[in-house]
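Chain and residue survey
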Amino acid sequence: MARRYWLLKSEPETFSIADLERAPGQTTFWDGVRNYQARNLLRDEIKVGDGVLFYHSSADPPAVAGTAEVVGAGAPDPTQFDARSSHRDPDSPPGDPRWFGVTIKLGRVFGRAIPLPELRAQPALKEMVLLRKGSRLSVQPVSAKEWETIVKLGGSGGKNGSAP
């Protein structure tokens, strides 16, 4: 199966690409997603080896900050069972978990984040899910052409993670 690409949104004050860079092994479990459509992508579609665009949402301006790679397939999100977590879901039974996440590893922190207005100005990105009116989903598919365009915009600067 061919490698696929995704955009994962995170509010940088909650978890930024800098946090991923500092995480043990530059790896984290992508938790806290509480939308059924996004959950289905995390559980059923996203696979080990897929590429991730790390997007800072609720930033000024929102921007793609870098890349990551999926290193762990969809698995139950443990925060749904954690009474101390703001992501707890008391209606999710442990035997049939409702929420899932994937494990990602840092690929590269871009030398400069690619802001939303710049993404909108790229003809190659005109069909990108992120740029569609009303598109708010925190997990979105990205085409190979969109991936290549954004990685190229990210330039040769920045820092590589230890991802393969």
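Further up the page is the structure itself.
Residues numbered from 1 in each chain as written. Predicted model: local features only at pLDDT ≥ 70, side-chain atom pairs only at ≥ 80, totals over all residues. Heavy atoms only, no water.

If you look at the biggest cluster of nonpolar residues, it comprises 21 residues, and the most contacted ones within it are W30, I46, V102, I104 and V139. When residues of this core are traced back to their parent elements, those giving at least two are strand 1 (5–10), helix 1 (17–22), helix 2 (36–45), strand 3 (51–56), strand 4 (63–76) and strand 5 (100–115). For this core, the leading source of residues is strand 5, giving four residues. Counting residues in each nonpolar core, the second largest holds 17 residues, with L53, V64, F110 and L131 among its members. (Core = buried A, V, L, I, M, F, W, Y, C linked by side-chain atoms within 4.5 Å. Buried < 20%, exposed > 50% of the residue type's maximum accessible area, 1.4 Å probe, protein only. Helix = DSSP H or I, 4+ residues; strand = E, 2+ residues; numbered from the N terminus.)

For the bond from D60 to P61, the omega torsion is 0°, close enough to zero to count as cis. With respect to the helices, strands and loops of the structure, P61 is situated in the loop between strand 3 and strand 4. Phi at Q26 takes a positive value of approximately 50°, unusual for a residue other than glycine. Within the fold, Q26 resides in the loop between helix 1 and strand 2 (27–29). Its relative accessible area of 16% is what places Q26 among the buried residues. Of note in this structure, S58 is not a glycine but carries a positive phi near 50°. You can see S58 is positioned in the loop between strand 3 and strand 4.

Two side chains of opposite charge can pair, provided their charged atoms sit close to one another. The final tally for this structure, using the stated rule, is seven salt bridges. As a salt-bridge pair, E45 and R4 come within 2.9 Å of each other at their nearest N and O atoms. Of this pair, E45 sits in helix 2 while R4 sits in the segment before strand 1, and the two are 41 residues apart along the sequence. Take E45: its relative accessible area is 31%, and that puts it in the partly exposed class. Residue R4 is classed as partly exposed on the basis of its relative accessible area, which comes to 28%. With a shortest N-O distance of 3.0 Å, D77 and R34 are connected by a salt bridge. Of this pair, D77 sits in the loop between strand 4 and strand 5 while R34 sits in the loop between strand 2 and helix 2; the two residues are 43 residues apart in sequence, bridging distant segments of the chain. (Salt bridge = Lys/Arg side-chain N within 4 Å of Asp/Glu carboxyl O.)

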